[in-house]
Amino acid sequence: MIRPALGRQHSISDRAKTAMREYLNNFLGNLDIVNSREVCNFMGVSKLSFCPEYGSKLKEEYVLVKHLPKIPDRENGRKCSACIWFNCCNDNWQKVWAVLKPGFIALLKDPFEAEPLDIIVFDVLPPSVGNGEGRVSLAKETNEHNPLRHSFLVSCGSRSITIRSRNKTKVRDWVAAINDAGLRPPEGWCYPHRFGSFAPPRGLTDDGSQAQWFVDGRAAFEAIALAIEGAKSEIFICGWWLCPELYLRRPFLAHASSRLDNLLEAKAKQGVQIYILMYKELALALKINSVYSKKKLVAIHENVRVLRFPDHFSSGVYLWSHHEKLVIVDNDVCFIGGLDLCFGRYDTYEHKVGDDPAMFWPGKDYYNPRESEPNSWEDTMKDELDRKKYPRMPWHDVHCALWGPPCRDVARHFVQRWNYAKRNKAPNEQGIPLLMPQQHMVIPHYMGNNIVEDENSTVMDDAHKVINRRNSSSSASSEDIPLLIPQEADGVDASNGQLNTNGSNDYHGQPSRTSFSFRKSKVEPLVPDMPMRDFVDERHAVNLEQESFTGVNPIDKEWWENQERGNLVVSADETGQVGPRVACRCQVVRSVSQWSAGTSQVEESIHNSYCSLIEKAEHFVYIENQFFISGLSGDEIIRNRVLESLYRRIIRAYHEKQHFRVIVVIPLLPGFQGGLDDGGAASVRAIMHWQYRTISRGNSSILHNLSDLLDSRVHDYISFYGLRAYGRLSDDGLIASSPVYVHSKVMIVDDNTVLVGSANINDRSLLGLRDSEIGVLIEDKEFVKSSMGGKPWKAGKFALSLRLSLWSEHLGLHSTEINKIADPVIDSTYKDIWMATARTNTMIYQDVFSCIPNDLIHSRASLRQCVIERKAKLGHTTIDLGVAPKTLESYEDGNVKGIDPMDRLQAVKGHLVSFPTEFMLEEDLRPMFKESEYYASPQVFH
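Take the overall build of the chain next. Of regular secondary structure, the chain possesses 23 helices and 31 strands. In the chain, buried positions account for 60% of the 942 residues. Residue pairs in contact within the chain that sit at least 24 positions apart in sequence constitute 73% of those at least 6 positions apart. By element, 50% of the accessible surface of the chain is carried by carbon and sulfur atoms, the whole surface being about 37,800 Å².

Structure, rendered in structure tokens:
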């Protein structure tokens, strides 16, 4: 079989090696044979060697470690013969099998164990740490006092682990192999990437990077339910708050099987492994009761594992929280954004304030944190609020799904956090396993900024060809299994700045899974995707001329709505709630540090990406966020610089006489319990203080600083808004209003770039040292014809469709009216539609409800007076004056006339209202010395 035909010696040798390689690849492609004890013993390998999802085999053998707890059933005969005289082997050292993979080292009890004793995942290291030649060292040889001992040190995250090998030669082999595995460009996990992120940009080539957006809870929860139902192997869930009794589909009586615990139970019984990482709250501060949730989840099935983190007393972390919201299914699709799987989040674009009879929001899911926070979550079907008197708080949010390498980047982040929590909270629990990160692809052009931009450079093209190469003559391709026989002649060693194809780590080599889309786009690119050289360098702007372009005018075709739905969307009336699934460039960004993820450095790549995107924006920035607390340059209290980036970009636009718009949509009030004049509402007032300090009050605010230069033209450049809804609480009951709680964490720039995730705009979320967060930067590479500032513009399919969905919801536009807002910059959109709609809606709500907050109330005294008068007149109202009188008084021809409030409210369009920048203008909203919040760190509130 391997004897070639006659020919020259050199060609015979090459053909012999090729034939042998094919033979071995066929042999090793049969995992039943490969994982047998006989083959493993013969080849000196383990079962982990032939798991393609974890990458290619690099190095493995027995080593000694001392950081692990006592391994049960371990033979005591591991001392060497020299111990009789020198006692060179200490009882604390244990023999384990070490397996080096491209992104980690796994320590096994023996080569035939499937469960690892420890996982050492290679972490991102700062570029200043290294050997002085720009190369970071993950492993280094150590000097032992005893000449019979030979060891090396492996550093990852906050851990440093000493490992012993048999002799100095093997130590040096391990050090070289580890540093090469962790640092070479095809893996590149320890290279600094754009914005300082742990993950590189994805999607420069056709690597399967795709994204899809969801607006509001119904669309996102339906998609998550479908993904969970299709799970084949494992599910990762990470959340700030998780409610097992949450229904992912409504009406809930018709969808009992869609309750989260029922969904997870069905999959666990099928053998799917489920890992849930929950934030362990400080019970004195929050009432989310993660203890109850954990008990319910653990009781579902043995395949459901739950960890709560952090342990406050041992870690000393009391102020900060784990704030990510993640669902990852089979490392194939992940969901990331602002939505926790908990009560109060399910909503539609209608944002209804009532639910009578209870069909959509059962029990405590009829949720209004401004009115009441439940003290107990055990009886979830029991109402917390009187539905005939109090509205629910509508919830507005944005979520997205990712496929391909970005999904596995998010999964790697989850694995890192899970393992760190496991080591801290459950080091000896056998039922809580460590996780291994699946193989990831880092396309070889990610060699920093070393790519020379000249017409003779072929690195990108060569890389693209090699990545997509297949061995057509072999039944088991080189991407299907980790090769033991290297492909010698196909590439140049990576250390020389070129591609080495030893080890297949590309996306196409992943185990194939059933892929699904929640809505497929009918619009296809006319030309293939082209790589973009500038993508890895944040100093350069996006070069749209190189991108694929779809010659469809969204104004004529309404392509953002007319997507193929199939059977994967909740209903046909879900207009504009689900975006197209499109190929794009993605980069996962996050906020983590040693306390939250065990990393060796603080990562604030979300903050860096916010600032960079704003400063490079050409025409407009649209922001929706739960908070807006930021600082200008020189602010020593607020340290994030999103505000400074906005300020500098607006000033530059003013000097260059550009039309530039910044639109910010935030909640009208913080979503915490208590009337604004109540003694127990100091937290609400404190957050309001920091937001007003950012927006309009004092020398640190952006409106104050801009008005010095722009005067009355400030609002031509930047303006602030909120959302509000109204409705009857029952068929003939009260007419009530409630602020729509803006919980989105999304920024859209120039209709071609979107940043979405879990991070708020405040120091807690952006500095990395505080709350842990994760997000994704999505840059379109499929474009449609649009306009910007009255001129033709190539708008991205993902970004444009998301903005149009959000704006049409806020403005109450029908799908036939979308063309009116296609250009976000021109006056006919920005002033005549957006600003005018907000002004009109604000005035109507003030006439009908006199609701709080508003620009007419400047002090707590006037607030108190308004509340007293309103309650005396109506007999009952909500905490923020959200109940309408039975009739409104109006004057006509000198006579008083009563009109139905609903007739007046019919003129409201959408939900957009102006943000009241002058509310409580005369008050210092910071906590007073007699309030407990006065003694808390101000950092809690900003």
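A word on the pairing of strand 27 (residues 782-788). Judged by how many residues are buried, strand 27 sits mostly within the fold: six of seven residues are covered. Between strand 27 and strand 28 (residues 791-796), which follow one another and run antiparallel, lie two residues, and Gly789 among them has a positive phi close to 65°.

This paragraph deals with the confidence of the model for the chain. Here the chain shows a mean pLDDT of 82. Residues at 70 or above account for 80%. A low-confidence stretch, residues 442-516 stays under pLDDT 50, and its non-local contacts, those more than four residues away or across chains, total 138 contacts. In the model, residues 563-574 has pLDDT below 50 throughout and makes 32 contacts with residues more than four positions away in sequence or in other chains.

One pass over the structure, following the stated rule, counts 37 salt bridges. In this structure, Glu61 engages Lys170 in a salt bridge whose closest nitrogen and oxygen atoms are separated by 3.2 Å. Within this pair, whereas Glu61 is found in strand 1 (residues 59-65), its partner Lys170 is found in helix 5 (residues 168-183), the two being separated by 109 residues in sequence. For Asp847, the salt bridge identified is with Arg904, shortest N-O distance 2.8 Å. Pair noted here: Asp847 is in helix 21 (residues 827-849) and Arg904 is in helix 23 (residues 901-905), with a separation of 57 residues, a long-range link. The class for Asp847 is partly exposed, based on a relative accessible area of 42%. A relative accessible area of 25% means that Arg904 is categorised as partly exposed. Three or more residues joined by partner-sharing salt bridges are found here, namely Asp118, Arg159 and Arg423.

Under the definition given, this model contains 24 aromatic pairs. Centroid distance Tyr275 to Trp418: 5.3 Å. Interplanar angle 80°. Geometry classified as edge-to-face. One end of the pair, Tyr275, is in strand 10 (residues 273-279); the other, Trp418, is in helix 10 (residues 405-425), with 143 residues separating them in the sequence. A centroid spacing of 6.1 Å and a plane angle of 20° characterise the contact between Phe414 and Trp418, whose relative ring orientation is stacked. Placement of both Phe414 and Trp418 in helix 10 is noted, with a separation of four residues, approximately one turn of the helix.

Here we take up the pairing of strand 12 (residues 326-329). What you see with strand 12 is no split at all: Leu326 and Ile328 on one side and Val327 and Val329 on the other are buried throughout. Bridge count for strand 9 (residues 234-239) against strand 12 is four bridges, and the pairing is antiparallel. In the strand pairing of strand 12, Ile235 is matched with Val329. Relative to strand 13 (residues 333-337), strand 12 runs antiparallel, the two sharing four bridges. Following the sheet pairing, Val327 is matched in strand 13 by Phe335. Counted along the chain from strand 12 to the antiparallel partner strand 13, the turn is three residues long, and its residue Asp330 has a positive phi close to 55°.

Our focus in this paragraph is the environment of Trp320. As for its placement among the helices and strands, Trp320 is situated in the loop between helix 9 (312-315) and strand 12. Trp320 sits in the buried class, given a relative accessible area of 12%. In the structure, Trp320 is positioned 444 residues away from Arg764 in sequence and 7.5 Å away in space, judged by C-alpha atoms. Apart from residues lying up to four places away in sequence, Trp320 is in contact with Tyr279, Trp595, Arg764, Leu769, Arg770, Asp771 and Gln939.

Across soluble globular proteins, you tend to see nonpolar side chains buried next to one another. In terms of nonpolar packing, the biggest core is built from 127 residues, with Ile276, Leu402, Ile778, Leu802 and Trp834 touching the most fellow members. Ignoring sequence-local partners within four residues, the contact set of Ile276 consists of Ile237, Leu242, Leu264, Leu297, Val304, Arg305, Val306, Leu307 and Trp418.

When we look at burial in helix 17 (residues 702-710), the residues that qualify are Ile702, Leu703, Leu706 and Leu710. End-on, the buried residues of helix 17 take up no more than an arc of 85°, which puts them together on one face. In this fold, the buried residues of helix 17 make contact with helix 15 (642-655), helix 16 (682-695), helix 18 (714-717) and strand 21 (718-728). The backbone nitrogen of His704 has a side-chain oxygen 3.4 Å away, supplied by the residue at the start of helix 17, namely Ser701. One or two residues past the end of helix 17 sits Asp711, with phi positive at roughly 60°.

Bringing the sheet that holds strand 6 (residues 150-156) into the picture now. The pairing of strands in a sheet happens through backbone hydrogen bonds and is either parallel or antiparallel. An order of 4-3-2-1-7-6-5 is seen for the seven strands of this open sheet, with the pairing classed as antiparallel. A strand with exactly one partner marks an edge of an open sheet, and here the two such strands are strand 4 (118-121) and strand 5 (139-142). Across this sheet, the average inter-strand angle for adjacent strands is 35°, counted without regard to direction. Examined bridge by bridge, strand 1 and strand 2 (residues 94-101) share seven bridges and lie antiparallel to one another. Paired with Lys59 across the bridge in strand 2 is Leu100. Seen against the sheet, helix 10 touches strand 4 and strand 7 (159-165) and runs at an angle of roughly 135° to strand 4.

Another aspect to go through is helix 7 (residues 260-269). What helix 7 keeps buried is the set Leu260, Asp261, Leu263, Leu264, Lys267 and Ala268. Viewed along the axis of helix 7, the buried residues span an arc of 160°, placing them on a single side of the element. Of the surrounding elements, those touching the buried residues of helix 7 are helix 6 (217-229), strand 9, strand 10, helix 8 (290-298) and strand 11 (304-309). Of the residues trailing helix 7, Gly271 is marked for its positive phi of about 100°.

Quick look at the side chain of Arg250 now. Tracing the sequence through the fold places Arg250 in the loop between strand 9 and helix 7. A relative accessible area of 5% places Arg250 in the buried class. Among the polar contacts made by the side chain of Arg250, one reaches the main-chain carbonyl oxygen of Tyr247 at a distance of 2.8 Å. At 2.7 Å, the side chain of Arg250 forms a polar contact with the side chain of Asp365. Setting aside anything within four residues of it in sequence, one finds Arg250 in contact with His255, Tyr346, Phe360, Trp361, Pro362 and Asp365.

So, on to the packing of helix 20 (residues 797-811) against helix 21. At a closest axis distance of 9 Å, the pairing of helix 20 and helix 21 adopts a crossing angle of 50°. By the angle between their directions, the pair helix 20 and helix 21 is classed as oblique. Here Trp807, His810 and Leu811 of helix 20 lie close against helix 21, whose contacting residues are Thr829, Ile833, Trp834 and Thr837. Class assignment of the residues belonging to the contact of helix 20 with helix 21 gives a composition of four nonpolar, three polar and no charged.

Residue Pro251 is reached from Arg250 by a cis peptide bond, and omega for that bond is 0°. Structurally, the position occupied by Pro251 is in the loop between strand 9 and helix 7. The step from Asp356 to Pro357 runs through a cis peptide bond, and the omega angle for that step is 0°. The topology assignment puts Pro357 in the loop between strand 13 and strand 14 (395-396). With phi around 50°, Ser850 is a residue other than glycine that occupies positive phi space. When you line up the elements, Ser850 lands in the loop between helix 21 and helix 22 (860-874). At Met920, a residue that is not glycine, the phi angle is positive and equals roughly 55°.

Once that is clear, we can look at the side chain of Asp118. With respect to the helices and strands, the residue Asp118 is situated in strand 4. With a relative accessible area of 3%, Asp118 lands in the buried category. Of note is the side chain of Asp118, whose polar atom sits 2.8 Å from the side chain of Arg423. If near-sequence neighbours (up to four positions away) are discounted, Asp118 is found in contact with His67, Leu68, Ile105, Ala106, Leu107, Arg159, Ile161, Arg423 and Leu434.

Rules and cut-offs
Residues numbered from 1 in each chain as written. Predicted model: local features only at pLDDT ≥ 70, side-chain atom pairs only at ≥ 80, totals over all residues. Heavy atoms only, no water. Helix = DSSP H or I, 4+ residues; strand = E, 2+ residues; numbered from the N terminus. Buried < 20%, exposed > 50% of the residue type's maximum accessible area, 1.4 Å probe, protein only. Contact = heavy atoms within 4.5 Å. Areas by Shrake-Rupley, 256 points an atom, 1.4 Å probe, with all protein chains shown as cover. Pairing = 2+ DSSP bridges. pLDDT = per-residue confidence, 0-100. Salt bridge = Lys/Arg side-chain N within 4 Å of Asp/Glu carboxyl O. Phe/Tyr/Trp six-rings, centres within 6.5 Å; stacked < 30°, edge-to-face > 60°. Core = buried A, V, L, I, M, F, W, Y, C linked by side-chain atoms within 4.5 Å. Arc of directions from axis to C-beta. Polar contact = N/O pair within 3.5 Å; in protein donor to acceptor, adjacent residues only side chain to side chain. Axes fitted to C-alpha atoms, helices over the stretch in contact; angles between N-to-C directions. Parallel < 35°, antiparallel > 145°, perpendicular 65-115°, else oblique. Nonpolar A, V, L, I, M, F, W, Y, C, P; charged D, E, K, R; others polar.

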